[in-house]
Amino acid sequence: MTVIVFLGSLLAAMALGVPIAFALLLCGVALMVHMGNFDAQILAQNLLEGANSFPLLAVPFFMLAGEIMNAGGLSRRIVNFAMALVGHVKGGLGYVTIVAAVIMASLSGSAVADAAALAALLLPMMVKAGHDKGRSAGLIASGGIIAPIIPPSIGFVIFGVAGGVSITKLFMAGIFPGIWLALSLVVTWWWLCRKEEITPPPRKSFGEVLEAMRLAGWALVLPLIIVFGLKFGIFTPTEAAVVAAMYSLFVSTFIYRELNFKKLVPLFISASKTSAVVMFLVAAAMVSAWLITVANLPGQIVELLQPLLDSPRLLMLAIMVLTMVVGTALDMTPTILLLTPVLMPVVKAAGIDPVYFGVLFIINNAIGLITPPVGTVLNAVAGAGKMSMDEVTKGVIPFMIAQFAAMFLMIAFPQLVMVPARWFY
């Protein structure tokens, strides 16, 4: 009955058009009333404590870093470097998109920001070269969702806080899975454009490649700083977010000189608004998470899935299918916050490594950003490219299938995730 009250109140509120954060609060109220312990003071206290977390400070700083990178010229120089590297091969602009997406993912951690920046920079070039606009937009959207997987990742921060998992280990474990997803895009793009008769740009000379690398050098150094800083314990993930924001601010204002105080103010306002939305959502979800624990919903789920506990791969498959379904209706952050407190006890009972589960869970949620009808990354690319959602959705389908295939391959072979991850621990 508790599960029915929880899901029924949440779905009913969402069906009425209530914003997800307030729907989560209404769901919490419904649970408290059902259990006969409604207390507005407890509700308010848990709401405040939900956002009172030092690791969660990483979220606004990573948001700010992403805004500064896109406006300060770092993203454009990364695209130019990728163009110099692989732009000359057949279908080169697609490979440029994938390479740029991987590099930008290691800078900001925001799928929407990366996809919007790539769409603005590369979509017009791809269309002008003769590539199908819908397919190009689909590739850009699929490349953008690599951002929550390769560190730094806002998704890993939120999951780590909600599930009590080491954020540093999640960051390190996300490096190779992000590369596997990128490789799945490379193969898919090669297959789709192999028969296209499009003349690529001429090959850049070695000197031009070096010059592009020099110009992008300041941006390319940041991922190394973050990875080595986390690996050797120089700073925590939260401090890494501050380093990313301050570094991008310094480079954009004093090295590239594309930002000044007047231009910075709108960026700070934009990052603050986005961060406020995310943090309020986290706070509201923590209320529901606390009540889920009090109502012993995880224990009931463990009992329900008892037959699968002896088969970790089968259990992971069932969880991933559930997450795929939920991801079509909910955005990434609420999905993480809703499912993590329910699923983590099941995962631990089955003896699955929480870091391994976290990586696959975030990959699934990231792909959910390009699954209709909610797909926020699809909306961002459609807006940046002045296209209809239907056109972008049609173009993204082959890439989405390839990324799901890569995810299920990692479920079948956990060593694809955990063996490289332990190189960085």
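Residues numbered from 1 in each chain as written. Predicted model: local features only at pLDDT ≥ 70, side-chain atom pairs only at ≥ 80, totals over all residues. Heavy atoms only, no water.

Re the side chain of Asp114
Phase 1: With respect to the helices, strands and loops of the structure, Asp114 is situated in helix H7 (residues 111-129).
Phase 2: Although Asp114 is buried, it makes no salt bridge; Arg76 carries the closest opposite charge, 14 Å away.
Phase 3: Discounting chain neighbours no more than four positions away, the residues touching Asp114 are Met104, Ala105, Ser108, Gly144 and Ala147. (Helix = DSSP H or I, 4+ residues; strand = E, 2+ residues; numbered from the N terminus. Buried < 20%, exposed > 50% of the residue type's maximum accessible area, 1.4 Å probe, protein only. Lys, Arg positive; Asp, Glu negative; His and termini not counted. Salt bridge = Lys/Arg side-chain N within 4 Å of Asp/Glu carboxyl O. Contact = heavy atoms within 4.5 Å.)

Points about empty space enclosed by the protein
Phase 1: For the structure on display, the rule yields 1 cavity of 30 Å³ or more.
Phase 2: Lining the largest cavity are Gly66, Met69, Asn70, Ser75, Met104, Leu107, Ser108, Ala113 and Asp114.
Phase 3: At the level of secondary structure, the elements contributing two or more residues to the lining of the largest cavity comprise helix H4 (58-71) and H7.
Phase 4: A total of 3 residues in the lining of the largest cavity trace back to one element, the largest contributor, which is H4.
Phase 5: Along the lines of polarity and charge, the residues of the lining of the largest cavity split into 4 nonpolar, 4 polar and 1 charged. (1 Å grid on protein atoms, 1.4 Å probe; cavity = no way out; pocket = protein on both sides within 12 Å on 5 of 7 lines; lining within 4 Å. Points joined across faces, edges and corners; volume = space filled by probe spheres on them. Nonpolar A, V, L, I, M, F, W, Y, C, P; charged D, E, K, R; others polar.)

A closer look at the pattern of salt bridges
Phase 1: Summed over all chains, the structure comprises 3 salt bridges.
Phase 2: We note a salt bridge from Arg76 to Glu258, for which the minimum N-O separation is 2.5 Å. With Arg76 in helix H5 (residues 74-86) and Glu258 in the loop between helix H13 (237-255) and helix H14 (261-294), the pair connects residues that are 182 residues apart, well separated along the chain.
Phase 3: You can call Glu258 partly exposed: its relative accessible area is 21%.
Phase 4: The network of salt bridges with common partners includes Arg76, Arg77 and Glu258.

Quick word on the packing of aromatic side chains
Phase 1: Per the counting criterion, the structure on display carries 10 aromatic pairs.
Phase 2: Judged by centre distance (6.4 Å) and plane angle (50°), the rings of Phe156 and Phe171 are tilted. Within this pair, whereas Phe156 is found in helix H9 (residues 154-163), its partner Phe171 is found in helix H10 (residues 167-173), the two being separated by 15 residues in sequence.
Phase 3: Residue Phe156 is classed as buried on the basis of its relative accessible area, which comes to 0%.
Phase 4: Ring geometry for Phe159 and Phe361: centres 5.8 Å apart, planes at 50°, overall tilted. Of this pair, Phe159 sits in helix H9 while Phe361 sits in helix H18 (residues 354-367), placing them 202 residues apart in sequence.
Phase 5: Every member of this aromatic cluster is reached through a ring pair, and the members are Phe159, Phe357 and Phe361.
Phase 6: Positioned over the ring face of Tyr256 is Arg77, at 3.7 Å from the centre of the ring.
Phase 7: It is Arg194 that lies over the ring of Trp191; its NZ or CZ is 3.5 Å from the centre. (Phe/Tyr/Trp six-rings, centres within 6.5 Å; stacked < 30°, edge-to-face > 60°. Lys NZ or Arg CZ within 6 Å of the ring centre and 35° of its normal.)

Re the layout of surface pockets
Phase 1: Taken as a whole, the largest pocket spans an internal volume of roughly 790 Å³.
Phase 2: As for the largest pocket, its lining consists of 34 residues, and the residues nearest its centre are Met63, Val112, Val278, Asp331 and Thr333.
Phase 3: Listing elements by their share of the lining of the largest pocket, those giving two or more residues are helix H2 (20-35), H4, H7, H9, H14 and helix H17 (332-349).
Phase 4: The element best represented in the lining of the largest pocket is H14, accounting for 5 residues.

Concerning the packing of H18 against helix H20 (residues 389-412)
The geometry of a pair of packed helices is captured by two quantities: the angle between their axes and the separation between those axes.
Phase 1: Two elements in contact, H18 and H20, have axes separated by 10 Å at closest approach and are oriented at 170°. Here H18 lies roughly antiparallel to H20, going by the angle between them. Along its contact with H18, which presents Tyr356, Leu360, Ile363, Asn364 and Ile367, the element H20 presents Met400, Gln403, Phe404, Met407, Met410 and Ile411.
Phase 2: Residue composition of the contact of H18 with H20, by class: 9 nonpolar, 2 polar and no charged. (Axes fitted to C-alpha atoms, helices over the stretch in contact; angles between N-to-C directions. Parallel < 35°, antiparallel > 145°, perpendicular 65-115°, else oblique.)

Some words on the confidence of the model for the chain
Phase 1: Scored by pLDDT, the chain has a mean of 85; 97% of the residues are at 70 or more.
Phase 2: By mean pLDDT, helix H15 (residues 297-304) is the weakest element of the chain at 70, and H18 is the strongest at 94. (pLDDT = per-residue confidence, 0-100.)

Overview of the packing of H4 against H13
Phase 1: Packing of H4 against H13 brings their axes to within 8 Å, and their N-to-C directions diverge by 20°. Taken together, the axis directions place H4 and H13 in an arrangement best described as roughly parallel. Crossing of H4 against H13: the hand is left-handed. Together, Ala58, Phe61, Phe62, Leu64, Ala65, Ile68 and Met69 of H4 and Pro237, Thr238, Ala240, Ala241, Val242, Ala244, Ala245, Ser248, Leu249 and Ser252 of H13 make up the contact between the two elements.
Phase 2: Among the residues forming the contact of H4 with H13, the class breakdown is 14 nonpolar, 3 polar and no charged. (Left-handed = near helix turned anticlockwise from the far one by under 90°.)

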